[in-house]
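Single-letter residue listing:
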Amino acid sequence: MQASAPGKFILFGEHAVVYGHPAVALAVDLRLSASFEPGGEPRLDGDAEAAVDNPYVEHAMSQAPETGDVRVESEIPRAVGLGSSAALCVALAGAMFDVDDEAGIAERAFELEHGAQGKGSPIDTSTATHGSGVVVAPDRQEDHLWSLSAGDETWHVHDVDVPDLSFVVGDTGVTRRTGRLVTEVAVRTTADPAARQAMEAIGQITRRGMEALADGDAVRIGNLMDQNQKMLARIGVNTDELQSLIEAARPHAFGAKLTGAGGGGSMIALTEDPEACAAAIEEAGGTPYVVSTTETGVILG
Ligand code: MEV
């Protein structure tokens with residue numbers, strides 16, 4: 001069996017989504033595909049050690065009806081906030097498990113990600129499953145797709161229309177682990193009331209961002225991205241490298257912010273001039289990716 005899934009970036013609401021606030025993510029047209037050949041010990045690209053070293057493959061092999069060889073091909077740069085792990089979980093769910101509908105794949109992929117990371121929300125895996133745009137919210141709204149739970153939290157996942165917008169991602173080259181960042185933020189949020197207030201503010205910014213997205217209003221979306229970035233800095237996930245790429249991109253953009261877990265990884269800019277924005281990011285020491293959003297989610301076979 002074979003399955004492929006797109007990358008994604010978070011437009012609004014990362015981290016706050018773990019604490020019951022809404023978040024918005026968009027799928028991008030870079031894809032990862034996995035094929036599975038059942039039989040024999042667990043292997044990744046023919047290598048038994050690699051299968052143990054990859055937490056997602058390792059966890060999938062422990063849950064799947066059969067072990068065997070997984071082969072992975074990817075256009076999504078790894079560990080930069082573009083959703084390569086989520087796309088891997090979705091592709092593994094489609095290739096190794098007996099599920100063929102989006103809701104079933106999203107559930108299995110979230111279980112694989114959560115089982116390997118031990119924390120986090122279903123926003124990344126649901127976006128890699130559905131494609132297009134996804135809103136994850138604490139309450140069930142219009143355009144509901146599915147609901148997923150872990151521990152005491154339940155997330156309701158919704159489809160969102162994505163207007164025609166241009167984005168540039170800037171990778172700092174600093175790799176980080178989402179699970180560790182989520183744990184660090186949990187410690188800070190427990191200890192610091194200002195961090196908790198910042199989470200609330202991110203929730204409000206995201207709600208306004210959803211309206212701006214529905215109106216296709218790039219100026220308002222950009223302004224809200226800037227506000228979201230300030231709050232992310234307040235919860236301690238911004239870095240000097242991210243800030244310098246954001247500042248470099250900003251004169252060519254409606255708005256810019258870090259995307260994903262932060263602590264390294266990538267920033268994202270909404271722009272009318274992707275070439276100028278990408279050149280400025282490169283000049284500031286980052287690796288730019290001009291990304292297009294996509295409606296295409298998981299593809300089986
Ligand atoms: C990571 O892409 C997004 C976080 O909000 C974690 C999660 O929601 O699982 C930081």
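Since this is a predicted model, take the numbers as computed values, not measurements.

It is worth spelling out the overall build of the chain at this point. The number of helices and strands found in the chain is 10 helices and 12 strands. What you see for the chain is a C-alpha radius of gyration of 18 Å, in line with the 19 Å of a compact globule of 301 residues. Looking at the chain as a whole, 55% of its 301 residues qualify as buried. Long-range pairs, those at least 24 residues apart, make up 72% of the contacts in the chain between residues at least 6 apart in sequence. About 12,300 Å² of surface is accessible on the chain, with carbon and sulfur atoms providing 45% of the total. Within the chain, one finds 20 positive and 46 negative side-chain charges whose respective centroids are separated by 7 Å.

What follows is about the side chain of threonine 127. Of note, threonine 127 is situated in helix H5 (residues 123-130). Beyond its immediate sequence surroundings of up to four residues, threonine 127 is in contact with Pro6, Lys8, Ala25, Leu26, Ala27 and Val134.

This part is about the site of the ligand. Not every one of the 14 residues close to the ligand is listed here, only the nearest: His15, Val17, Gly120, Ser121 and Asp124. At 2.8 Å, a side-chain N or O of aspartate 124 approaches an oxygen atom of the ligand. Burial of the ligand by the protein amounts to 98% of the accessible area it has alone, namely 300 Å². At a threshold of 2 Å from the grid points, most atoms of the ligand map onto the largest pocket. Of the residues in the shell around the ligand, the class split is 6 nonpolar, 5 polar and 3 charged.

Further remarks concern helix H3 (residues 84-96). Here H3 is 13 residues long and its end C-alpha atoms lie 18 Å apart, about the 18 Å a rise of 1.5 Å per residue gives. The buried fraction of H3 is high, at 12 of 13 residues. The complete set of buried residues in H3 reads Ser84, Ala86, Ala87, Leu88, Cys89, Val90, Ala91, Leu92, Ala93, Gly94, Ala95 and Met96.

Inspection of the secondary structure assignment puts leucine 30 in strand S2 (residues 23-38). Spatially, the C-alpha atom of leucine 30 lies 8.9 Å from that of threonine 294, the residues being 264 residues apart in sequence. Setting aside residues up to four positions removed in sequence, leucine 30 forms contacts with Ala5, Pro6, Gly7, Glu75, Ile76, Pro77, Leu82 and Val291.

Quick look at the pairing of strand S10 (residues 266-271) now. Most of S10 sits inside the fold, with 6 of its 6 residues counted as buried. Burial along S10 is two-sided: the residues Ser266, Ile268 and Leu270 and Met267, Ala269 and Thr271 are all buried. Direction of pairing for strand S8 (residues 166-171) relative to S10: antiparallel, over a ladder of 6 bridges. Within S10, the residue paired with valine 169 across the bridge is isoleucine 268. In the sheet, strand S9 (residues 253-259) pairs with S10 via 6 bridges, with the strands oriented antiparallel. Bridge pairing in S10 links lysine 257 to isoleucine 268. Hairpin connection from S9 to S10: 6 residues lie between these consecutive antiparallel strands, with glycine 260 at a positive phi of about 90 degrees.

For the rest of this paragraph, the subject is unusual backbone geometry. Note: most peptide bonds trans; most residues except glycine with negative phi. One non-glycine residue, histidine 15, adopts positive backbone phi at about 70 degrees. Take histidine 15: it is sitting in the loop between strand S1 (2-12) and S2.

Okay, the packing of helix H7 (residues 193-215) against helix H8 (residues 218-234) next. The N-to-C vectors of H7 and H8 enclose an angle of 165 degrees; their axes lie 9 Å apart at closest approach. The angle between the axes of H7 and H8 places the two elements in the roughly antiparallel class. Crossing of H7 against H8: the hand is left-handed. Within the contact between the two elements, H7 uses Ala198, Ala201, Ile202, Ile205, Arg208, Gly209, Glu211, Ala212, Leu213 and Asp215 and H8 uses Arg220, Ile221, Leu224, Gln227, Asn228, Met231, Leu232 and Arg234. Here the residues of the contact of H7 with H8 sort into 10 nonpolar, 3 polar and 5 charged.

All told, the structure shown has 9 salt bridges when counted by the stated rule. A salt bridge links arginine 188 to glutamate 184, with the shortest nitrogen-to-oxygen separation between them at 4.0 Å. Taken together, the residues span about one helical turn, with arginine 188 and glutamate 184 both in helix H6 (residues 178-191) at a distance of 4 residues. Salt-bridge contacts for aspartate 215 lead to arginine 220; the nearest nitrogen and oxygen are separated by 3.3 Å. Look at arginine 220 and you get partly exposed, because its relative accessible area is 32%. Beyond isolated ion pairs, a larger network of salt bridges with shared partners links Arg180, Glu184 and Arg188.

Definitions and cut-offs
Residues numbered from 1 in each chain as written. Predicted model: local features only at pLDDT ≥ 70, side-chain atom pairs only at ≥ 80, totals over all residues. Heavy atoms only, no water. Helix = DSSP H or I, 4+ residues; strand = E, 2+ residues; numbered from the N terminus. Rg over C-alpha atoms; globule rule 2.2 N^0.38 Å. Buried < 20%, exposed > 50% of the residue type's maximum accessible area, 1.4 Å probe, protein only. Contact = heavy atoms within 4.5 Å. Areas by Shrake-Rupley, 256 points an atom, 1.4 Å probe, with all protein chains shown as cover. Lys, Arg positive; Asp, Glu negative; His and termini not counted. Charge placed at Lys NZ, Arg CZ, Asp CG, Glu CD. Near = heavy atom within 4 Å. Polar contact = N/O pair within 3.5 Å; in protein donor to acceptor, adjacent residues only side chain to side chain. 1 Å grid on protein atoms, 1.4 Å probe; cavity = no way out; pocket = protein on both sides within 12 Å on 5 of 7 lines; lining within 4 Å. Sits in = over half its atoms within 2 Å of the grid points. Nonpolar A, V, L, I, M, F, W, Y, C, P; charged D, E, K, R; others polar. Expected span 1.5 Å × (residues − 1). Pairing = 2+ DSSP bridges. Axes fitted to C-alpha atoms, helices over the stretch in contact; angles between N-to-C directions. Parallel < 35°, antiparallel > 145°, perpendicular 65-115°, else oblique. Left-handed = near helix turned anticlockwise from the far one by under 90°. Salt bridge = Lys/Arg side-chain N within 4 Å of Asp/Glu carboxyl O.

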